[in-house]
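Single-letter residue listing:
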Amino acid sequence: MDAEARKFWDEFAKRNKNEVGADEQLESLLNLAKEVVEKADKNAAEDPATEEVLVVVVEPKKRPYKKIIKNDLESFKKIVGGWIEHISIGERPNGSRLGIYLNEEGKLIGLEPNRVIIGKRGGDMFVGTFFVTAHNLQGDTVSLTDQEAAQYIKMFAPLYVYL
């Protein structure tokens, strides 16, 4: 955690300690918050955002493929054909997330059916082109590893996908 963040949390603790009255609970919550921020900072240092990211693109009626794209909103929107929606699909061993970006209005605007997704809590039909990517613990979009890309190419090859 950088010095400015530490200063903020220390000042927050001083100001709120007397108002809350439950010193031990507040201290526990502040320590937890510090731990979360430190873990996210460490994770982002190990897996920083870059100008380009490796993703797996899944188009209707096509085999998924790896692609390196610019790491910005306009590039994401171009792939999915409109406004993006994010769906979390997993977690890496270090706690960072794996997810899918798809067109948030895809069903409303009649995009072509793509994959049937079957999960623990039911299923859904994804429409239009979507892509799989990763996110560090600060929420930045980061590249998939080559192994992750290969895993998601294989996973999304069939029309019915079990997550």
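Along each chain, the written sequence defines residue order, and numbers are assigned to residues from 1. In keeping with the predicted nature of the model, local features appear solely for residues at pLDDT of at least 70, side-chain atom pairs appear and are counted solely at 80 or more, and the whole-chain, interface and lining totals rest on all residues. Side-chain figures throughout are based on the complete set of non-hydrogen atoms in the structure, without hydrogens or water.

Engineer: An account of the environment of E11 is requested, with residue identities and associated values reported.
Structural biologist: When you line up the elements, E11 lands in helix α1 (residues 3–20). In this structure, the C-alpha to C-alpha distance between E11 and S88, residues 77 residues apart in sequence, is 34 Å. Put simply, DSSP marks the helices as runs of H or I at least four residues long and the strands as runs of E at least two long, and each gets a number from the N terminus on.

Engineer: Quick rundown of the sheet that holds strand β5 (residues 113–119)? Include the residues and the values.
Structural biologist: Strand pairing requires that DSSP identify at least two bridges connecting the strands. Spatially, three strands are ordered β6-β5-β9 in an open sheet, and the strand pairing comes out mixed. Either end of the sheet is taken by a strand with one partner, and the two such strands are β6 (122–127) and β9 (160–162). Ignoring which end each strand starts from, the neighbouring axes of this sheet average 25° apart. By the bridge criterion, six bridges tie β5 to β6 in an arrangement that is antiparallel. Across the sheet, the residue bridging to I117 is D124, located in β6. Axis lines are fitted through C-alpha atoms, for helices just across the contact stretch, and the angle between N-to-C directions can take any value from 0 to 180 degrees.

Engineer: Can you explain the pairing of strand β1 (residues 52–58)? Please cite residues and give values.
Structural biologist: Partly exposed describes any residue whose relative accessible area lies between the buried limit of under 20% and the exposed limit of over 50%, with all areas from a 1.4 Å probe on protein chains only and scaled to the type maximum. Of all the seven residues making up β1, six are buried; the element is thus mostly covered by neighbouring parts of the structure. Judged from the six bridges that link them, β1 and strand β2 (residues 65–70) form a sheet pairing that is antiparallel. Across the sheet, E52 pairs through a bridge with K70, a residue of β2. What sits between the antiparallel neighbours β1 and β2 is a turn of six residues, in which K61 has the positive phi angle 65°. Bridging between β1 and strand β7 (residues 130–135) involves three bridges; their strand directions are antiparallel.

Engineer: So what about the pattern of salt bridges? Which residues, and what values?
Structural biologist: We count a salt bridge whenever a side-chain nitrogen from Lys or Arg sits within 4 Å of a carboxyl oxygen from Asp or Glu. For the structure on display, the rule yields 10 salt bridges. Between K61 and E112 there is a salt bridge, and its shortest N-O distance comes to 3.1 Å. With K61 in the loop between β1 and β2 and E112 in the loop between β4 (97–103) and β5, this residue pair connects regions lying 51 residues apart in the sequence. When its relative accessible area of 36% is taken as the criterion, E112 is described as partly exposed. A salt bridge links D72 to K70, with the shortest nitrogen-to-oxygen separation between them at 3.7 Å. Relative accessible area serves as the criterion here: at 26%, D72 is assigned to the partly exposed category.

Engineer: Account for the packing of aromatic side chains, naming residues and giving values.
Structural biologist: In this analysis, rings of Phe, Tyr and Trp, with Trp reduced to its six-membered ring, are considered paired at centre separations within 6.5 Å, and the interplanar angle assigns stacked below 30 degrees, edge-to-face beyond 60, and tilted for intermediate values. On inspection of all chains with the given rule, the structure shows six aromatic pairs. With a centroid separation of 5.5 Å and 70° between ring planes, the pair formed by F130 and F156 is classed as edge-to-face. Here the residue F130 occupies a position in strand β7, and F156 occupies one in the loop between α4 (146–155) and β9, the gap between them amounting to 26 residues. Residue F130 shares its accessibility class with F156, and that shared class is buried. Feature note: the residues F126, F130, Y152 and F156 constitute an aromatic cluster, connected by ring pairs. Two thresholds decide whether a charge sits over a ring: the Lys NZ or Arg CZ must be within 6 Å of the ring centre and within 35 degrees of the ring normal. A cation over an aromatic ring shows up here: K77 above the ring of W83, its NZ or CZ 3.7 Å from the ring centre.

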